[in-house]
Amino acid sequence: MDLETQIRDYIVSEFLSGEDVPDLTDDFDLIENGVVDSLGLVRLISHLSKTYAIPVDDIPLLPSNFRDIEHICAFIRQSPVAASG
Amino acid sequence: MTATTDTTTDTFDTVAAWAEDLNRDNATLDDRGEFPWEKWKTIQRSGILAVPFERRYGGEGRSLTETMRALEGLGYTSRDAGLNFSTSTQIVSVGLVLQAFGNEELTTTYLPKIISGELITAHAITEPTNGSDATGITTTARRDGDDYVLDGEKMFITNAPIADLLLLYVRTGPPGPFGLSCFLVERDTPGLRIGEPLDKMGLRTSPLGAVTLDGVRVPASRRVGQEGAGFLILDHIMKREILLSFSITLGEMTHRLERCVRQARTRTQFGQPIGAYQAVSHKIADMKIAVETARKWLYDTGAKVEAGEDASIDVAATKTVVSEANLRTALDAVQIFGGSGFLSATGVEADVRNAVGGTIYSGTNEVQRNRIASLLGLGSPAGEGVRRG
């Protein structure tokens, strides 16, 4: 399963009650569309840290990294640990 | 005496040599509700403000858990809980945020003076209509050319009446996790007004006040972190605020336990030490359990945060466990000390007043429980950003 699909599945499962929606493309703004709220963001960061073995302190806390699936995948790929794994 | 620079020693004893200075006139200062400026000089001299900061800024380069241990030592040594609280606020509110997120100009300009205690700091999150719900912040920063213009009001800000430097959490975007940003502002910036210290129940030597922003113009270079990163910065720093300020609480609880054991051994009633009665000895046994439970939660969670592991639930649980244990054991101590525990002069009753604050600041315990529930996927009507005002 590619990374985009993994992240998409997680978002569907955790934030959309398991109901997939066609709008959820890789560039769909998760924040502006209210899919991920503030505590949701904390949960998302926690999930990424655990699943991809990225220390929380190594996750760049920049809004641009979390807006959509595309950007989330990009920073995971840039992470030294995830990239080597 | 100067601060230690030996990084192999246990930081618990960082302030131990200054116990006499730190405990002078506690009852009088608490009664007056005054910030103890002479004791602040002692805090500066002790070197405790430098413990977690990088050496290039004048710090000691110690880890999070080593810093927790230093603050536990402060709580054990100093009976001035307000001063202790202002000290942890000084370390956390601006210094650790700048070290993690500040640009080169801000860190080199301000960190050395924060670490020395020359500049006193505060962070302003709470507002008159927004307490534990940090995402509801209404104070705004509007972009205007190379500047931002800040307007709004902050309330219950620890250290504000004495602060030289404030980190303001304000709204720069629509509601949601990326709607907040942080700005570093000096006290004398035009349009910024700081209110008089507010009289309060406990932590009376730690000044608390309001901050009003009326067209405060700050250069964009004073923004800390990316625009919209305020909530993420808040989440990062609140973990450390809770761990550090409640490590102080652990030290205070440990000291209280030892006091109660001495009292139970030496105070006699009906021909024997009161500790011989199970009504008293079980209270003290429960205190010991509370102290060691608090210790395990604090240092296990500190180790997780230090290792970069997810600790969101652990931090919320730690805050709740330690603050409630502190209040419960403070009340038990009054009972064990009896009539003298009810007197202000013994300092036992002050522990109760101070402990109440711990269930409120850094996000109320109700919000911490909401947060845990939400992180378990149970949903929560409130309890997003959690922090001290």
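Rules behind the numbers
Throughout, residues of each chain are indexed from 1 in the direction in which the sequence is written. Each chain is given a letter, starting from A, and each ligand a number, starting from 1, according to the order in which they appear as written. Restriction of local features to residues with pLDDT of at least 70 applies here, the model being predicted, together with a cutoff of 80 or more for giving and counting side-chain atom pairs; totals for whole chains, interfaces and linings are based on all residues. Each side-chain value is worked out from all heavy atoms of the structure, with water and hydrogens disregarded. Just so you know, the domain bounds were taken from an automatic or database domain assignment. Salt-bridge detection follows one rule: a side-chain nitrogen of Lys or Arg within 4 Å of a carboxyl oxygen of Asp or Glu. Under this definition, polar contacts are N or O atom pairs within 3.5 Å; protein pairs additionally need one hydrogen-donor-capable and one acceptor-capable atom, and for neighbouring residues in sequence, both atoms have to be side-chain atoms. We count a stretch as a helix when DSSP gives it H or I for four or more residues in a row; a strand needs E for two or more, and each element gets its number in order from the N terminus. Only protein chains enter the calculation, and the probe is 1.4 Å; a residue is then buried if its accessible area is under 20% of its type maximum, exposed if over 50%, and partly exposed in between. Contacts are residue-level and defined by heavy atoms, with any inter-residue pair within 4.5 Å sufficient. Only the stretch in contact is used when a helix axis is fitted, and all axes are lines through C-alpha atoms; the angle between N-to-C directions ranges over 0 to 180 degrees. Throughout, the term roughly parallel applies to angles under 35 degrees, roughly antiparallel to angles over 145, roughly perpendicular to angles from 65 to 115, and oblique to all others. Helix crossings fall into two classes, left-handed where the near helix is turned counterclockwise from the far one by less than a right angle and right-handed where it is turned clockwise. Polar here means any residue outside two lists: the nonpolar Ala, Val, Leu, Ile, Met, Phe, Trp, Tyr, Cys and Pro, and the charged Asp, Glu, Lys and Arg; Gly therefore counts as polar. In this text, buried Ala, Val, Leu, Ile, Met, Phe, Trp, Tyr and Cys residues form a nonpolar core when linked through side-chain atoms within 4.5 Å. Here a cavity denotes grid points, spaced 1 Å and computed from the protein atoms alone, that fit a 1.4 Å probe unable to get out, and a pocket denotes an open set having protein on both sides within 12 Å along at least 5 of 7 lines; residues with an atom within 4 Å of a point are the lining. Grid points are joined across faces, edges and corners, and a volume is the space filled by probe spheres set on the points. By buried area we mean how much accessible surface two parts lose on assembly, using a 1.4 Å probe and totalling the loss over both.

K.L.:
How should the domain arrangement of chain B be read in this particular structure?
P.N.:
Interfaces are frequently sized by the accessible area removed from exposure as the parts join. Residue and element names in this part refer to chain B. The domains assigned to chain B are domain 1 (11-120), domain 2 (123-228) and domain 3 (231-375). Taking the mean C-alpha position of each, domain 1 and domain 3 sit 21 Å from one another. Run the count over domain 1 and domain 3 and you get 2 salt bridges. Seen at the junction of domain 1 and domain 3, the total is 9 residue pairs in polar contact (both at pLDDT 80 or more). Of all the elements in the fold, those that place two or more residues in the side of domain 1 that touches domain 3 are α4 (64-77) and α5 (81-101).

K.L.:
What exactly am I supposed to notice about the side chain of Ser46(B) here?
P.N.:
All names here are of chain B. Structurally, the position occupied by Ser46 is in helix α3 (residues 37-46). Judged by its relative accessible area of 2%, Ser46 is buried. Of the polar contacts made by the side chain of Ser46, one reaches the backbone nitrogen of Ile48; its length is 3.2 Å.

K.L.:
Whenever I open this one, helix α10 (residues 348-358) of chain B confuses me. Can you help?
P.N.:
Note that an α-helix has 3.6 residues per turn; residues three or four places apart therefore point the same way. Residues and elements named next belong to chain B. Judged by how many residues are buried, α10 sits mostly within the fold: 9 of 11 residues are covered. Every buried residue of α10 is accounted for by Val348, Glu349, Ala350, Val352, Arg353, Asn354, Ala355, Gly357 and Gly358. Buried residues along α10 sit in contact with α2 (26-32), α5, α7 (230-266), α9 (312-341) and α11 (365-375).

K.L.:
Please explain the packing of helix α1 (residues 3-15) of chain A against helix α2 (residues 38-51) of chain A as it appears in this structure.
P.N.:
Packed helix pairs are specified by the crossing angle of their axes together with the interaxial distance, meaning the distance between the axes. Residue and element names in this part refer to chain A. Packing of α1 against α2 brings their axes to within 12 Å, and their N-to-C directions diverge by 140°. The angle between α1 and α2 falls in the class oblique. Crossing handedness for the pair α1 and α2: right-handed. Contact residues: Ile7, Tyr10, Glu14 and Phe15 in α1; Gly40, Arg43, Leu44, His47 and Leu48 in α2. Of the residues belonging to the contact of α1 with α2, the class tally is 5 nonpolar, 2 polar and 2 charged.

K.L.:
Would you mind going over the nonpolar core with me for this structure?
P.N.:
Nonpolar side chains in soluble globular proteins tend to end up buried together. Residues Ile7(A), Phe66(A) and Tyr169(B) are the most contacted members of the largest nonpolar core, which totals 116 residues. In terms of residues, this core owes the most to one element, α7(B), which gives 16 residues.

K.L.:
So what exactly am I meant to see when it comes to the pattern of salt bridges here?
P.N.:
A side chain with one charge may pair with a side chain of the opposite charge, provided their charged atoms come close. All names here are of chain B. Counting across every chain of the model gives 29 salt bridges over all chains. With a closest N to O distance of 2.9 Å, Asp30 and Arg353 form a salt bridge. Linking Asp30 in helix α2 with Arg353 in helix α10, this pair joins segments that are 323 residues apart in sequence. Across the pair, Arg353 and Asp30 agree in class, each one buried.

K.L.:
Please explain the environment of Ala317(B) as it appears in this structure.
P.N.:
All names here are of chain B. For Ala317, the location among the structural elements is in helix α9. Taking the relative accessible area as the measure of exposure, Ala317 reaches 11% and is therefore buried. Separated by 16 residues in sequence, Ala317 and Thr301 have C-alpha atoms that sit 9.4 Å apart. With near-sequence residues (within four places) excluded, Ala317 lies in contact with Trp297 and Ile372.

K.L.:
Is there a simple way to explain the layout of surface pockets in this structure?
P.N.:
Picture a little ball the size of a water molecule; that probe, rolled over the atoms, points out where space is still empty. Residues and elements named next belong to chain B. The space that makes up the second largest pocket amounts to roughly 430 Å³. Taken together, 26 residues make up the lining of the second largest pocket; nearest its centre are Asn26, Arg79, Ser344, Gly347 and Ala350. Listing elements by their share of the lining of the second largest pocket, those giving two or more residues are α2, α5, α7, α9 and α10.

K.L.:
How should I be thinking about empty space enclosed by the protein in this particular structure?
P.N.:
Residue and element names in this part refer to chain B. The tally for this structure, following the rule as stated, stands at 3 cavities of 30 Å³ or more. Empty space within the largest cavity amounts to approximately 110 Å³. Around the largest cavity, the lining comprises 15 residues; the ones closest to its centre are Leu203, Thr249, Glu252, Asn354 and Tyr361. Secondary structure elements with two or more residues in the lining of the largest cavity: α5, α7, α9 and α10. Sort the elements by how many residues they give to the lining of the largest cavity and α7 lands first, with 5 residues. Considering only residue class, the lining of the largest cavity consists of 7 nonpolar, 7 polar and 1 charged. Here the lining of the largest cavity spans two domains, and each of domain 1 (11-120) and domain 3 (231-375) adds at least three residues to it.

K.L.:
Help me out: how do you make sense of the interface of chain A and chain B in this one?
P.N.:
Facing 22 residues of chain A, the contacting portion of chain B comprises 26 residues. Taken together, both faces of the contact between chain A and chain B bury some 1,900 Å²; the carbon and sulfur share is 67%. Contact with chain B buries surface across chain A, with Ser38(A), Leu39(A) and Leu61(A) losing the most and accounting together for 33% of the total. Counting across the interface, chain A meets chain B through 1 salt bridge. Connecting chain A to chain B are 1 residue pair in polar contact (both at pLDDT 80 or more).

K.L.:
It is not clear to me how the packing of α9(B) against α11(B) should be interpreted in this structure. Could you clarify?
P.N.:
Residue and element names in this part refer to chain B. Their axes nearest at 9 Å, the elements α9 and α11 cross at an angle of 150°. Judged on the interaxial angle alone, α11 and α9 are roughly antiparallel. For the element pair α9 and α11, the recorded crossing hand is left-handed. For the pair formed by α9 and α11, the contact residues are Ser312, Ile313, Ala316, Ala317, Lys319, Thr320, Ser323 and Glu324 on the first element and Asn365, Gln368, Arg369, Arg371, Ile372 and Leu375 on the second. Among the residues making up the contact of α9 with α11, the classes are represented as 5 nonpolar, 5 polar and 4 charged.

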